[in-house]
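Residues per chain, in single letters:
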Amino acid sequence: MGLLKKAENKMAYFKCGILGFPGSGKTYTASLMAIGICKAIKNNKTAFFDTETGSDFLLPKLQSEGIETYQYKGRAFSDLLTYIKECEDGGIAVLIIDSITHVWRDLCDSYDKKLQRRGRLQFQDWAAIKGEWKLYTDSFVNSRVHTIVCGRAGYEYDYDFN
């Protein structure tokens, strides 16, 4: 038999995305999930990549549950890639990224600035940006850390000119 093989149970890492408007409970829900995962796998280390300072609000809850919490406050795309790797190397059980929206915005703004433009990205820009973004999505999917990503819901408006 070539490709057909009996399934075997290997350790899988939880990957979750939570989308909602500000104040809808994304960070709180992510923290409750992190507590449950930490208790289930008997590893009490959680890390926040915090773009909104929401982790500060939840520190007392996490501490009362015996969760050792690390945090980084920033929005840079490059910092997120480094942080994911540091979480893997540091034995972190659960990583909460809150909010991925700010990281995405940083990537888009940095690309726009690199081209010395100010304004909306153009159609041809998306291939280059998505190529960079793939560094994050590959890390997210393949990392050896249970990861919960929070994203802000928003309204999109389009316009045409010329």
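Residues numbered from 1 in each chain as written. Predicted model: local features only at pLDDT ≥ 70, side-chain atom pairs only at ≥ 80, totals over all residues. Heavy atoms only, no water.

Visitor: What is the right way to read the overall build of the protein chain from this model?
Guide: The secondary structure content of the protein chain amounts to five helices and five strands. Mapped from its N terminus to its C terminus, the protein chain presents α and β elements in the order β-α-β-α-β-α-β-α-α-β. Its C-alpha atoms put the protein chain at 60 × 55 × 25 Å along the principal axes. Per-residue burial over the protein chain gives 37% buried out of 162 residues. Within the protein chain, counting contacts between residues at least 6 apart in sequence, those at least 24 apart form 71% of the total. Counting every atom, the protein chain has about 10,400 Å² of accessible surface; 55% of that belongs to carbon and sulfur. Looking at the protein chain, you have 22 positive and 20 negative side-chain charges, and the mean spots of the two groups are 5 Å apart. (Helix = DSSP H or I, 4+ residues; strand = E, 2+ residues; numbered from the N terminus. Buried < 20%, exposed > 50% of the residue type's maximum accessible area, 1.4 Å probe, protein only. Contact = heavy atoms within 4.5 Å. Areas by Shrake-Rupley, 256 points an atom, 1.4 Å probe, with all protein chains shown as cover. Lys, Arg positive; Asp, Glu negative; His and termini not counted. Charge placed at Lys NZ, Arg CZ, Asp CG, Glu CD.)

Visitor: Looking at this structure, how should I read the environment of S55?
Guide: Inspection of the secondary structure puts S55 in helix 2 (residues 54-64). It is 17 Å that separates the C-alpha atoms of S55 and G17, two residues lying 38 residues apart in sequence. Those residues in contact with S55, other than ones at most four positions away along the chain, are F48, D50, Q71 and K73. A distance of 2.6 Å separates the side chain of S55 from the side chain of Q71, its partner in a polar contact. (Polar contact = N/O pair within 3.5 Å; in protein donor to acceptor, adjacent residues only side chain to side chain.)

Visitor: I would appreciate a short explanation of the packing of aromatic side chains in the present structure.
Guide: The geometry of an aromatic ring pair is captured by two quantities: the separation of the ring centres and the angle between the planes. Following the criterion strictly, the structure yields eight aromatic pairs and no others. Here the aromatic cluster, defined as three or more aromatic residues joined through ring pairs, consists of F77, W104, W126, W133, Y136 and F140. K15 extends its terminal NZ or CZ atom over the ring of F140, reaching a point 5.7 Å from the ring centre. (Phe/Tyr/Trp six-rings, centres within 6.5 Å; stacked < 30°, edge-to-face > 60°. Lys NZ or Arg CZ within 6 Å of the ring centre and 35° of its normal.)

Visitor: Would you mind going over helix 5 (residues 125-142) with me for this structure?
Guide: Along an α-helix, residues three or four apart share an orientation, since each turn contains 3.6 residues. An ideal rise of 1.5 Å per residue puts 26 Å on 18 residues; helix 5 measures up with 26 Å between its terminal C-alpha atoms. At W133, helix 5 shows its largest kink, close to 30°. (Expected span 1.5 Å × (residues − 1). Bend = angle between axes of the 7 residues up to and from the residue.)

Visitor: Please clarify how the environment of I129 should be interpreted in this entry.
Guide: Examined against the element boundaries, I129 turns out to sit in helix 5. The sequence separation of I129 and C108 amounts to 21 residues, and the corresponding C-alpha distance is 6.9 Å. For I129, the residues in contact, after removing those within four places along its chain, are W104, L107, C108, Y111 and L121.

Visitor: For this particular structure, what's the right way to read the sheet that holds strand 1 (residues 15-20)?
Guide: By way of backbone hydrogen bonds, the strands of a sheet pair with one another, either parallel or antiparallel. Pairing within the open sheet is parallel, and its five strands lie in the order 1-5-4-2-3. Looking at the sheet topology across the chains shown, the edges are occupied by strand 1 and strand 3 (68-73). With direction set aside, neighbouring strand axes in the sheet form an average angle of 15°. Both strand 2 (residues 45-50) and strand 3 contribute to a ladder of six bridges, which runs parallel. Across the sheet, the residue bridging to D50 is K73, located in strand 3. On top of the sheet, helix 2 reaches strand 2 and strand 3; it is set at about 175° to strand 3, its chief contact. Lying on the sheet, helix 3 (residues 77-89) is in contact with strand 2, strand 3 and strand 4 (94-98); it crosses strand 2 at an angle near 180°. (Pairing = 2+ DSSP bridges. Axes fitted to C-alpha atoms, helices over the stretch in contact; angles between N-to-C directions.)

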